[in-house]
Amino acid sequence: MTDLSLVLPGGLPDKRQVAASFSRAAASYDSVAEFQRDVGTRLLERLPGSFMPSRWLDLGCGTGYFTRALASRFTQGIGVALDIAEGMLNHARPLGGAEHFIAGDAERLPLQEASFDLIFSSLAVQWCADFEAVLSEALRVLKPGGIFAFASLCTGTLYELRESWQQVDGLVHVNRFRAFARYEQLCAGSGMRILALENQPHVLHYPDVRSLTHELKALGAHNLNPGRPGGLTGRARILGLIDAYERFRQVSGLPATYQVVYAVLEKPL
């Protein structure tokens, strides 16, 4: 009998594999998460300046870096941190920042309706196959006038790595993400007002391919797609990848492009 939970639309990875991968990466994540911190900081800057939530949720809190940042910014507010990866919660909980740390799924939040003024989510919802459910849950859990601010990834992310692997063996080695146009469509139909929605590229540079792939593994964000090749990657294929990726080299090194979606949505009064 087929396990229907593994048959995900758009070829997105099974969330149980996502949870396990990020749990394993909890100890190493912060050492290589400069890009993630940069994106979350830019998302924070997009919140309305006078906005002071009394209750906020860090959705997909990871190691709790932005849980603590939110607590520092909203000193009078009560915070809740939620993540699907138990390993991340175990890492974040002793560092504080929130009143409660909860294991949960963004598509089925274990939270009461109209209970939060702010839902903040940086680089987490790209792993959710049913983003319409994420938006529906955000709308349910927010108070009227509340804000859902998220940063995610869309199509075009790591295209250099994807195209290089395509030259080597044509298999799926790079995570897939939904198109920005799909984010626009779903946000427009979410029942929330769009205060901001944009797609911005972030380009990182690495001295070599190994530095990039090591970082992805340390983040827990290496290839989690259905259809990915099993087993160890052979030396010949690795050499082929290195050779193919070299055609992208710039003065600053080998580029890795992330297409980042920034959104700020408001629940109507």
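Structure: above.
Below is a short write-up of the structure. What you are looking at is a predicted structure, and each value in this text was computed from that prediction instead of being measured.

## Here's the deal with the pairing of strand β1 (residues 55-59)
Looking along a regular strand, one sees side chains alternate from face to face of the sheet.
(1) Moving on: For β1, the tally of buried residues reaches four of five residues, placing the bulk of the element in the interior.
(2) Moving on: Bridge analysis of β1 against strand β2 (residues 78-83) gives five bridges, and the strand direction is parallel. Looking across to β2, one finds that R55 is bridged to I78.
(3) Moving on: One crossover worth recording links β1 to the parallel β2 by way of helix α4 (residues 65-73), and it is right-handed.
(4) Moving on: Where β1 and strand β4 (residues 116-122) come together, three bridges link them in parallel fashion. Following the sheet pairing, W56 is matched in β4 by L118.

## Some points on a nonpolar patch on the surface
(1) Moving on: A grouping of I238, L239 and I242 is seen on the molecular surface, where their side chains present a nonpolar patch of about 220 Å² in accessible area.
(2) Moving on: You can see I238 is positioned in helix α10 (residues 235-245).
(3) Moving on: Residue classification places I238 among the partly exposed positions, given a relative accessible area of 31%.

## Re the sheet that holds strand β7 (residues 254-266)
(1) Moving on: On the basis of which strands lie adjacent, the open sheet formed by seven strands has the order β3-β2-β1-β4-β5-β7-β6 and mixed pairing. Because the sheet does not close on itself, it has two edges, and the strands there are β3 (100-103) and β6 (193-206). Geometrically, the sheet is characterised by an average inter-axis angle of 15 degrees between neighbouring strands, direction not taken into account.
(2) Moving on: Here β2 runs beside β3; their pairing, made up of four bridges, is parallel.

## A closer look at the packing of aromatic side chains
(1) Moving on: Counted under the stated rule, the structure contains 10 aromatic pairs.
(2) Moving on: Both rings, one in F148 and one in F150, keep their centres 5.2 Å apart while their planes meet at 40 degrees; by these two values the pair is tilted.
(3) Moving on: Residue class for F148 comes out buried when judged on its relative accessible area of 0%.
(4) Moving on: Of the aromatic side chains, those joined through ring pairs into one cluster are F131, F148, F150 and Y183.
(5) Moving on: Over the face of the ring belonging to Y65 we find R37, whose NZ or CZ atom lies 5.7 Å from the ring centre.
(6) Moving on: It is R46 that lies over the ring of Y262; its NZ or CZ is 4.0 Å from the centre.

## Things to note about helix α6 (residues 131-141)
(1) Moving on: Listed in full, the buried residues belonging to α6 are F131, A133, V134, L135, E137, A138 and V141.
(2) Moving on: On the buried face of α6, the contacting elements are β4, β5 (142-153), α8 (180-188) and β7.

Criteria and thresholds
Residues numbered from 1 in each chain as written. Predicted model: local features only at pLDDT ≥ 70, side-chain atom pairs only at ≥ 80, totals over all residues. Heavy atoms only, no water. Buried < 20%, exposed > 50% of the residue type's maximum accessible area, 1.4 Å probe, protein only. Helix = DSSP H or I, 4+ residues; strand = E, 2+ residues; numbered from the N terminus. Pairing = 2+ DSSP bridges. Right-handed = clockwise from strand over helix to strand, strands pointing away. Patch = residues over 30% accessible without salt bridge, like charges linked within 9 Å, V, L, I, M, F, W, Y side chains within 5 Å. Areas by Shrake-Rupley, 256 points an atom, 1.4 Å probe, with all protein chains shown as cover. Salt bridge = Lys/Arg side-chain N within 4 Å of Asp/Glu carboxyl O. Axes fitted to C-alpha atoms, helices over the stretch in contact; angles between N-to-C directions. Phe/Tyr/Trp six-rings, centres within 6.5 Å; stacked < 30°, edge-to-face > 60°. Lys NZ or Arg CZ within 6 Å of the ring centre and 35° of its normal. Contact = heavy atoms within 4.5 Å.

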